[in-house]
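# Coordinate inspection notes
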Amino acid sequence: MSAGKVEVAAAARQLIDWAAGCELADIPRPVLARAATVLADDLAAMIGARDEPEVASFHRRVIERARHREATVFRGGNARIARIDAAVANAVAADWLELDEGYRPTPCHAGLYILPSLLATAETEDRSCGELLRAIVLGYEVVTRIARGWKQRALNMQSHGRYSAIGAASATSLLQRLDAGTMFNAVTAAATLVNPSPRTHLVAGALVRNVWPAQGAWSGLMAVEWAGCGIAGSPDAFHDVYSDVFGGTTEPAALTEGLGTSWALLEGYTKLYACCQHLHATVEALLDLRPAVLEAGAIDGIESVEIATHALARPLMNARPDTTLGAKFSLPHAAASALVMGSGGAEAFAFETLARSDIERLRRKVKVKPYDRDLPPPNDRPARAEVKLGDGRVLSAECLSARGGADRPLPLSTVDDKLAALAAPAYPAIAATLAPIRALDDKALQRGWRQTVDAFVG
């Protein structure tokens, strides 16, 4: 075993030992409050996708063949199916709208990776809401530290395939109060169950990308089951996968620095716009610019749209997306929809927008170039938009950092609005049911999650 492997294995074991031993009382209230916000926010995104044709079709299949009533498929109604099937079904929906929360320091949607398996397990076993929040906080910490622990050789893989199995395994282990040794066995096994998740699929709009978290939920849950039977990963699994196979450069200190004092959840972001976060500054700049464009004439009078932006956004230039996923990873579509519809929400990327002639015409007029300098975080994902009108006038606006991150946090009412728009049509009582959990009310935290689900599902 090389010195690198020894160091990585020891750091990973220290991380797992800490997480397994951390109690609810050890977690600061602001961190627990953020966990409750992530719970509500990602539930809204999950429920909001229920009528997407592909999601609805898959949900019908798993509900029709259900033999056990353990956990809810969150699509309206009270359909309960087997725990692992519910986790997979909800994970398929969870990233479909591209409105789930994310983590800025490194590409990682930790809430997406932990919640589907966690919610299904908590409901099946009726774990308390306090225990659920503890597992959210600590599972989030584990998976984001693994993500930060390796610098990718090239940005050719999306995080959904790289980390979702680890997130599911760690959070489920924490919820079930597995001892540190068994949890380590489960999480190291999960590290070997990742998938290649090529980023080219995002721009191409290949819908298989939306099920990578579902594969991770299944793999993570099974890794926990297998660990309970003595089927474990190697202590070297993280180094073997992320260094030797994927070619990443290891930074093992990231696994352990600041444990218990630095909390990854507080560095997450909440999404206003239903597209890749790399495009949010572009959308925000154009939404800010749109009133001036309208005042100057009409959208039809736009001659060109030029976006100067960061390196992560510039490759996302599919001007003819043919799926909703392709639209969400298309800078031309995001820009055109923001100008035409005055929105960056789910409606701006709905299937019917793909063939709208006004959006299609404007997509072809969008060009991209590098932003003129590299800026440090949190302004490392900027966009400057210039809209040239037919009469020669040029209107411009700039966004250095889109709203929603730790530097420009959104009010908590934003999550209320998302619940109202995305989830309340299916579950009218969901906001009122989750409110005391979000307020960290002691009685609500002692209540079982299954009982809580019953209260809003009906």
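Residues numbered from 1 in each chain as written. Predicted model: local features only at pLDDT ≥ 70, side-chain atom pairs only at ≥ 80, totals over all residues. Heavy atoms only, no water.

Once that is clear, we can look at the nonpolar core. If you look at the biggest cluster of nonpolar residues, it comprises 156 residues, and the most contacted ones within it are Leu133, Phe238, Tyr242, Leu286 and Trp449. Once residues within four sequence positions are removed from consideration, Leu133 is found in contact with Leu32, Ala35, Ala36, Leu39, Ile437, Leu440 and Leu445. (Core = buried A, V, L, I, M, F, W, Y, C linked by side-chain atoms within 4.5 Å. Buried < 20%, exposed > 50% of the residue type's maximum accessible area, 1.4 Å probe, protein only. Contact = heavy atoms within 4.5 Å.)

This brings us to the packing of helix H5 (residues 110-125) against helix H19 (residues 449-457). Axis separation between H5 and H19 bottoms out at 6 Å; the angle between their running directions is 100°. If you check the angle between H5 and H19, you find them roughly perpendicular. When H5 is examined against H19, the residues Leu119, Ala122, Glu123 and Thr124 are found in contact with a partner set consisting of Trp449, Arg450 and Val453. Grouping the amino acids of the contact of H5 with H19 by side-chain chemistry returns four nonpolar, one polar and two charged. (Axes fitted to C-alpha atoms, helices over the stretch in contact; angles between N-to-C directions. Helix = DSSP H or I, 4+ residues; strand = E, 2+ residues; numbered from the N terminus. Parallel < 35°, antiparallel > 145°, perpendicular 65-115°, else oblique. Nonpolar A, V, L, I, M, F, W, Y, C, P; charged D, E, K, R; others polar.)

A few words now on the layout of surface pockets. What the largest pocket holds in volume is close to 650 Å³. As for the largest pocket, its lining consists of 22 residues, of which Arg104, Pro105, Thr106, Pro107 and Arg381 are closest to the centre. Split by residue class, the lining of the largest pocket holds eleven nonpolar, three polar and eight charged. Space inside the second largest pocket adds up to approximately 310 Å³. Here the element with the most residues in the lining of the second largest pocket is helix H2 (residues 29-48); it accounts for three residues. Among the residues forming the lining of the second largest pocket, the class breakdown is nine nonpolar, six polar and two charged. (1 Å grid on protein atoms, 1.4 Å probe; cavity = no way out; pocket = protein on both sides within 12 Å on 5 of 7 lines; lining within 4 Å. Points joined across faces, edges and corners; volume = space filled by probe spheres on them.)

Tallied over the full model, the rule gives zero disulfides. Of all cysteine sulfurs, the one in Cys276 lies closest to Cys275, which takes part in no disulfide; the gap is 7.0 Å. Look at Cys275 and you get buried, because its relative accessible area is 0%. (Disulfide = S-S within 2.5 Å.)

Attention now goes to the pairing of strand S9 (residues 383-389). Of the two faces of S9, the one lined by Ala383, Ala385, Val387 and Leu389 is fully buried and the one lined by Arg384, Glu386 and Lys388 carries no buried residue. Here six bridges tie S9 to strand S10 (residues 394-399), and the two strands are oriented antiparallel to one another. Looking across to S10, one finds that Arg384 is bridged to Glu398. (Pairing = 2+ DSSP bridges.)

The next point concerns the packing of aromatic side chains. Inspection of every chain in the model, using the stated rule, returns nine aromatic pairs. Between the aromatic rings of Tyr103 and Tyr140, the centroid separation amounts to 6.2 Å while the plane-to-plane angle is 80°, which identifies the pairing as edge-to-face. Taken as a pair, Tyr103 in strand S3 (residues 102-103) and Tyr140 in helix H6 (residues 129-148) lie far apart in primary sequence, 37 residues in all. Tyr140 matches Tyr103 in its accessibility class, with the two residues each being buried. Ring pairs connect the aromatic residues Phe74, Tyr427, Trp449 and Phe456, which therefore count as one cluster. (Phe/Tyr/Trp six-rings, centres within 6.5 Å; stacked < 30°, edge-to-face > 60°.)

Here helix H10 (residues 212-228) is 17 residues long and its end C-alpha atoms lie 25 Å apart, about the 24 Å a rise of 1.5 Å per residue gives. Within H10, twelve of the 17 residues are buried, which leaves the element mostly enclosed by the surrounding structure. Here H10 has its buried residues at Trp212, Pro213, Ala214, Gly216, Ala217, Ser219, Gly220, Leu221, Met222, Ala223, Val224 and Ala227. After H10 finishes, the residue Gly230 shows a positive phi value of roughly 90°. (Expected span 1.5 Å × (residues − 1).)

Evaluation of the coordinates by the stated rule reveals 27 salt bridges. Of the charged contacts in the structure, one is a salt bridge between Glu98 and Arg209, with a shortest N-O distance of 3.1 Å. Of this pair, Glu98 sits in the loop between helix H4 (83-94) and S3 while Arg209 sits in the loop between helix H9 (200-204) and H10, and the two are 111 residues apart along the sequence. Note on accessibility: Glu98 and Arg209 belong to one class, buried. Across the pair Arg438 and Asp416 runs a salt bridge, and its minimum N-O distance is 2.6 Å. Remark: Asp416 occurs in helix H16 (residues 413-423) and Arg438 occurs in helix H17 (residues 430-438); sequence separation between them is 22 residues. Three or more residues are tied together by salt bridges with common partners; here these are Asp95, Glu98, Arg209 and Lys271. (Salt bridge = Lys/Arg side-chain N within 4 Å of Asp/Glu carboxyl O.)

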